[in-house]
Amino acid sequence: MGRSYTQFTLEERCTVARLQATGHSLRQIAAALGRAPSSVAREVTRNSGRQVGYQPGYAHQQAHARRWYGLRLERDASLREAVLDRLKAGWSPAQVAGRLAREAGHPVLSHETIYRFIDAQIRRTQDYDWRHYLPRAKSRRGWRRRKGGSPAEHMAGRVSIAERPAAIATRAAPGHWEADLMLFARPKQGVLVTHERQSRLLWVRHQSTKAAASVAQALGGFFRQLPAALRHTVTFDNGTEFAQHQQLRALAIDTYFCDPHAPWQKGGIENAIGRLRRQLPRKTDLRTVTPAALRAMVARYNHTPRACLGFQTPAEVFHAHLLHFNCDSTPRLSSG
């Protein structure tokens, strides 16, 4: 029958320090605690500092540090490699855990295990480069608050999102899109982004101007590639670059706008842009990003599994559940 072991509590460590300071032997301390002498000896040896000797607070911290989270990923090299490879590709811990479970047919590990593994590496090594494995490259979890507001919302023919059919919010049917413009620190540099709500499929193109006519022309060119059944509505924020949204109505597309200062009402594309920002931060000089490189970023996004899709990829859902076309008849979508 195996023996069980319990960790020393902080109170026990205080007792060890007090009795040791008064000259008690290890055996006497062990008897006072009801512990084996070898356990007390190991506790003192392992958790004493070179300069301070055995101090209960320091000993407690040392013992806790050795019991770091993520131990399974440390001892399982193949699993660790599989997880880190996917994190390097830009997947979130939730996506990694979900996809591994889908491929294995059962849960493999949780996203919390991955977060704790990265956090433990940072704490143990003080190497903050580990944070770059995480989606937003933060050494501490949680959202940072940012100040800011939405652009002017007044434009001709604007229809509020409150008037958008409620069924669109359920994502039950294809053909409902969101659009936005990613801007960068350098002037006349932008990326026009559209996002299909049901499949989460992403399409982007370089956009050198915020002029409303140019943006409307680019959107019209994209939507003309799609069957009419896949271009019902588009939801925008209140940026003046979408002032000529009414041009899309020639394609039988209804347009809606978020409430002022409420971009979260088109949360799908906000999430997508957040993911693209990992590879295209605001300081990026788009002159160094070729169309092929931009297409590769979008392809990586469209082939990354999503929890909201049952850990299928947007591309898988788009082709399997939306188009219902044979591969030969599937329209080729240019990313500009």
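Worth saying up front: this structure is predicted, and the values here are computed from it rather than measured.

### Observations concerning the overall build of the protein chain
Okay, so step 1: The helix and strand inventory of the protein chain stands at twelve helices and five strands.
Okay, so step 2: Taking all 336 residues of the protein chain together, the buried fraction comes to 44%.
Okay, so step 3: Partitioning the intrachain contacts of the protein chain with sequence separation of at least 6 by distance along the chain shows that 59% fall at a separation of at least 24.

### Here we look at the environment of Trp203
Okay, so step 1: Within the secondary structure, Trp203 sits in strand S3 (residues 202–206).
Okay, so step 2: Residue Trp203 is classed as buried on the basis of its relative accessible area of 6%.
Okay, so step 3: Sequence-wise, Trp203 and Val298 are 95 residues apart; in three dimensions their C-alpha atoms are separated by 7.0 Å.

### Details of helix H1 (residues 10–21)
Okay, so step 1: For H1, with twelve residues, the first-to-last C-alpha span of 17 Å sits near the 16 Å given by 1.5 Å per residue.
Okay, so step 2: All buried positions along H1 are accounted for by Glu12, Arg13, Thr15, Val16, Ala17 and Leu19.
Okay, so step 3: Directly after H1, the chain includes Gly23, whose backbone phi takes a positive value near 90°.

### A word on unusual backbone geometry
For residues that are not glycine, phi is negative in most cases, and the peptide bond is trans in most cases.
Okay, so step 1: Positive phi values are uncommon outside glycine, yet Arg171 reaches one of about 60°.
Okay, so step 2: Turning to its location among the elements, Arg171 is positioned in the loop between helix H8 (111–125) and strand S1 (176–183).
Okay, so step 3: Of note in the backbone geometry, Phe311 takes a positive phi value of approximately 65° without being a glycine.
Okay, so step 4: Inspection of the secondary structure assignment puts Phe311 in the loop between helix H11 (291–302) and helix H12 (314–323).

### A short note on the nonpolar core
Okay, so step 1: Ranked by internal contacts, the top residues of the largest apolar core, which has 20 residues, are Leu192, Leu219, Phe223, Val234, Phe236, Phe242 and Leu248.
Okay, so step 2: Of all the secondary-structure elements, those providing two or more residues to this core are S1, helix H9 (212–223) and strand S4 (233–236).
Okay, so step 3: Broken down by element, the residue count for this core peaks at five residues, all from H9.
Okay, so step 4: Once residues lying within four places of it in the same chain are set aside, the contact partners of Leu192 are Asp180, Leu181, Trp203, Val204, Arg205, Gln207, Val215, Ala218, Leu219 and Phe242.
Okay, so step 5: With 18 residues, the next largest nonpolar core counts Leu73, Phe117, Tyr133 and Leu134 among its residues.

### Some details on the side chain of Arg306
Okay, so step 1: Turning to its location among the elements, Arg306 is positioned in the loop between H11 and H12.
Okay, so step 2: Here Asn271 takes part through its side chain, which lies 3.4 Å from a polar atom of the side chain of Arg306.
Okay, so step 3: The residues touching Arg306, leaving out its near neighbours within four places in the chain, are Gln95, Arg200, Asn271, Arg275, Tyr301, Phe311, Gln312 and Pro314.

### Digging into the environment of Trp130
Okay, so step 1: Within the secondary structure layout, Trp130 lies in the loop between H8 and S1.
Okay, so step 2: The class of Trp130 is buried, set by a relative accessible area of 17%.
Okay, so step 3: With twelve residues separating them along the chain, Trp130 and Ile118 place their C-alpha atoms 6.4 Å apart.
Okay, so step 4: With residues up to four places along the chain from it excluded, the contact list for Trp130 reads Leu84, Phe117, Ile118, Gln121, Ile122 and Thr125.

### Thoughts on the sheet that holds strand S5 (residues 254–257)
Okay, so step 1: Reading across from one edge, S3-S2-S1-S4-S5 is the order of the five strands in this open sheet, with mixed pairing throughout. Here the strands that pair on one side only, and so sit at the sheet edges, are S3 and S5. Strand-to-strand twist of the sheet, defined as the mean angle between neighbouring strand axes without regard to direction, takes the value 25°.
Okay, so step 2: Looking at chain direction, strand S2 (residues 190–196) and S3 are connected through five bridges and run antiparallel. Among the inter-strand pairings, Thr194 is bridged to a residue of S3, identified as Trp203.
Okay, so step 3: Sheet strands touched by helix H10 (residues 267–276): S1, S2 and S3. Its angle to S1, the strand with the most contacts, is close to 40°.
Okay, so step 4: Seen against the sheet, H11 touches S2 and S3 and runs at an angle of roughly 165° to S3.

Definitions and limits used
- Residues numbered from 1 in each chain as written.
- Predicted model: local features only at pLDDT ≥ 70, side-chain atom pairs only at ≥ 80, totals over all residues.
- Heavy atoms only, no water.
- Helix = DSSP H or I, 4+ residues; strand = E, 2+ residues; numbered from the N terminus.
- Buried < 20%, exposed > 50% of the residue type's maximum accessible area, 1.4 Å probe, protein only.
- Contact = heavy atoms within 4.5 Å.
- Expected span 1.5 Å × (residues − 1).
- Core = buried A, V, L, I, M, F, W, Y, C linked by side-chain atoms within 4.5 Å.
- Polar contact = N/O pair within 3.5 Å; in protein donor to acceptor, adjacent residues only side chain to side chain.
- Pairing = 2+ DSSP bridges.
- Axes fitted to C-alpha atoms, helices over the stretch in contact; angles between N-to-C directions.

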